[in-house]
Amino acid sequence: MNDIKIFSPATVANVSCGFDVLGFCLDTIGDEMVIRKTDKKGIRITKIEGYDLPFETEKNVAGVSALALYNEAKPYCGFEIEIYKNIKPGSGVGSSSASAVGSVYGINELLGRPYNKTQLTNFAMKGEALASQCEHADNIAPAIFGGFTLVKSVSPLEIIELPTPKDLFAVIIHPQIEIKTSEARAILPKKIELKDAITQWSNVGSLVHALHTSNYDLLSRSLTDVVVEPFRSQLIPHFGTVRNAALENGALGCGISGSGPSIFSLCYGNDNAQNVAKAIKNVYTETGIPFEVYISEINTEGIKILNQ
Ligand code: HSE
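This report concerns the structure included in the present document.

1. A few points about the overall build of the protein
Next, step 1: Assigned secondary structure in the protein consists of ten helices and eleven strands.
Next, step 2: In terms of its C-alpha atoms, the protein occupies a principal-axis envelope of roughly 60 × 40 × 35 Å.
Next, step 3: Counting the 308 residues in the protein, one finds 56% classified as buried.
Next, step 4: Counting contacts in the protein only where the partners sit at least 6 residues apart, residues at least 24 apart contribute 74% of the total.
Next, step 5: Counting 27 positive and 33 negative side-chain charges, the protein places the averaged centre of each group 4 Å from the other.

Structure, rendered in structure tokens:
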């Protein structure tokens with residue numbers, strides 16, 4: 001096998017209460033990438049379509065993660081990477097992660113899978129760090145493993161796969177503004193109140209239990225963020241109105257997707273997701289800010305090969 005085409009999915013990190021540890025994988029939004037073996041050694045980005053991103057390997061998220069794997073594997077060949085970007089950078093649905101994950105996943109396949117999913121997550125984190133100036137795996141892990149994941153620890157890296165209740169749907173609204181993850185991290189406090197920490201870890205625990213037991217009511221009552229959302233919501237126009245509209249129309253929960261500006265809602269079933277999407281669209285149509293709305297099942301498979 002000399003080349004491979006890949007679908008690298010968008011993801012929702014944090015999932016309200018789980019800043020930097022929880023994430024889930026989306027089905028209908030993602031990038032495509034082609035990875036090709038070459039006789040010439042090294043990693044080259046040969047094509048980027050969709051968005052204006054650097055071609056220099058060391059400045060490109062996909063290039064940096066690929067290099068991390070390449071320098072460790074020391075293969076006899078090189079690789080070319082083509083990126084067909086559908087996920088807008090700075091959208092909050094794991095654009096940089098999709099790029100970082102796609103290159104390491106593709107190269108690993110072409111090398112005969114020498115590395116497992118946790119090792120691939122580790123390589124991809126090097127690329128993610130270029131974009132957000134911090135190594136975090138809460139977008140990368142769900143993109144690689146699929147479904148919901150919990151990052152138990154970054155060093156040493158330990159990922160826990162969580163079950164996905166079968167009737168969960170996600171609605172994403174993406175206001176067409178850009179928020180850089182590094183900037184959305186810079187506004188966060190270094191210390192938090194003990195009472196807020198108690199609320200937050202109680203919610204993370206109950207959310208994990210709700211996923212294991214398909215308890216939608218508990219899941220709904222766990223999707224609260226008292227630590228990060230109060231700061232970041234100020235960066236997202238009409239966040240409160242969108243959240244109210246989603247909850248009034250029956251969403252189980254609604255919060256900032258990753259570092260924003262996208263906002264995610266989790267819904268019980270497709271009908272509820274359609275209603276929530278409609279209500280959110282109405283809110284944003286009135287603002288005059290351009291936006292996209294997506295409805296997605298939870299993608300339990302994660303990144304996948306499109307052809308070989
Ligand atoms: N956990 C990260 C953050 C995700 O919220 O900064 C970035 O997409």
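Now that the structure has been shown, the text picks up again.
2. Brief notes about the packing of aromatic side chains
Next, step 1: For the coordinates displayed, the defined rule picks out six aromatic pairs.
Next, step 2: Considering the side-chain rings of Tyr70 and Phe79, the 6.3 Å spacing of their centres and the 90° angle between planes classify their relative orientation as edge-to-face. Here Tyr70 matches Phe79 in class, with each residue buried.
Next, step 3: Seen in terms of ring centroids, Tyr216 and Tyr268 are 4.7 Å apart; in terms of plane orientation they differ by 80°. Their pairing is edge-to-face. Of the two residues, Tyr216 is situated in helix α7 (residues 216-222) and Tyr268 in strand β9 (residues 263-268); the sequence distance between them amounts to 52 residues.
Next, step 4: Judged by its relative accessible area of 45%, Tyr268 falls in the partly exposed class.
Next, step 5: Clustering of aromatic rings is evident, with ring pairs tying together Phe24, Phe148 and Phe264.

3. Considering the pattern of salt bridges
Next, step 1: Counted under the stated rule, the structure contains 14 salt bridges.
Next, step 2: The residue Arg36 makes a salt bridge to Glu82 at a minimum N-O spacing of 3.0 Å. Note that Arg36 is positioned in strand β2 (residues 22-38) and Glu82 in strand β4 (residues 78-84), a separation of 46 residues in sequence.
Next, step 3: Take Arg36: its relative accessible area is 26%, and that puts it in the partly exposed class.
Next, step 4: The salt bridge partner of Asp217 is Arg221, with a shortest N-O separation of 3.3 Å. In this pair, Asp217 and Arg221 are both assigned in helix α7, four residues apart and thus about one turn of the helix distant.
Next, step 5: Judged by its relative accessible area of 48%, Asp217 falls in the partly exposed class.

4. Notes on the site of the ligand
Next, step 1: Around the ligand, the neighbouring residues are Ala13, Asn14, Phe19, Asp20, His136, Asp138, Asn139, Thr181, Arg185, Arg232, Gly258 and Ser259.
Next, step 2: A distance of 3.0 Å separates an oxygen atom of the ligand from a polar atom in the side chain of Asn139.
Next, step 3: Within the side chain of Arg185, a nitrogen or oxygen atom sits 2.6 Å from an oxygen atom of the ligand.
Next, step 4: For the shell around the ligand, a count of residues per class yields two nonpolar, six polar and four charged.
Next, step 5: Two domains each put at least three residues into the shell around the ligand: domain 1 (3-162) and domain 2 (168-297).

5. Section: the nonpolar core
Next, step 1: Within the largest apolar cluster, 39 residues are counted, with the highest numbers of intra-cluster contacts made by Ile35, Ile43, Phe79, Ile81 and Leu120.
Next, step 2: It is helix α1 (residues 61-73) that provides the largest number of residues to this core, a total of seven residues.
Next, step 3: Among the nonpolar cores identified, the runner-up in size contains 30 residues, and Val15, Leu168, Leu211 and Leu266 belong to it.

6. Comments concerning the packing of helix α9 (residues 239-248) against helix α10 (residues 269-287)
Next, step 1: Contact geometry for α9 and α10: axes closest at 8 Å, N-to-C directions at 150°. By the angle between their directions, the pair α9 and α10 is classed as roughly antiparallel. Where α9 crosses over α10, the handedness of that crossing is right-handed. Two secondary-structure elements touch here, α9 through Thr241, Val242, Ala245 and Ala246 and α10 through Val276, Ala279, Ile280, Val283 and Tyr284.

7. Details of helix α6 (residues 194-213)
Next, step 1: The end-to-end C-alpha separation of α6 is 29 Å, in line with the 28 Å expected for 20 residues at 1.5 Å each.
Next, step 2: Within the sequence span of α6, burial applies to Asp196, Ala197, Gln200, Asn203, Val204, Ser206, Leu207, Val208, Ala210 and Leu211.
Next, step 3: Ser214, located one to two residues past α6, shows a positive phi value of around 50°.

8. Describing the pairing of strand β5 (residues 148-154)
Next, step 1: With five of its seven residues buried, β5 lies for the most part within the structure.
Next, step 2: Where β2 meets β5, three bridges bridge the pair, whose relative direction is antiparallel. Directly across from Phe24, in β5, lies its bridge partner Phe148.
Next, step 3: In the sheet, β5 pairs with strand β6 (residues 157-162) via six bridges, with the strands oriented antiparallel. Looking across to β6, one finds that Thr149 is bridged to Glu161.
Next, step 4: Between β5 and the antiparallel strand that follows it, β6, lie two residues.

Rules used throughout
- Residues numbered from 1 in each chain as written.
- Predicted model: local features only at pLDDT ≥ 70, side-chain atom pairs only at ≥ 80, totals over all residues.
- Heavy atoms only, no water.
- Helix = DSSP H or I, 4+ residues; strand = E, 2+ residues; numbered from the N terminus.
- Buried < 20%, exposed > 50% of the residue type's maximum accessible area, 1.4 Å probe, protein only.
- Contact = heavy atoms within 4.5 Å.
- Lys, Arg positive; Asp, Glu negative; His and termini not counted.
- Charge placed at Lys NZ, Arg CZ, Asp CG, Glu CD.
- Phe/Tyr/Trp six-rings, centres within 6.5 Å; stacked < 30°, edge-to-face > 60°.
- Salt bridge = Lys/Arg side-chain N within 4 Å of Asp/Glu carboxyl O.
- Near = heavy atom within 4 Å.
- Polar contact = N/O pair within 3.5 Å; in protein donor to acceptor, adjacent residues only side chain to side chain.
- Nonpolar A, V, L, I, M, F, W, Y, C, P; charged D, E, K, R; others polar.
- Domains from an automatic or database assignment.
- Core = buried A, V, L, I, M, F, W, Y, C linked by side-chain atoms within 4.5 Å.
- Axes fitted to C-alpha atoms, helices over the stretch in contact; angles between N-to-C directions.
- Parallel < 35°, antiparallel > 145°, perpendicular 65-115°, else oblique.
- Left-handed = near helix turned anticlockwise from the far one by under 90°.
- Expected span 1.5 Å × (residues − 1).
- Pairing = 2+ DSSP bridges.

Keep in mind that these numbers describe shape and distance, not what the molecule does.
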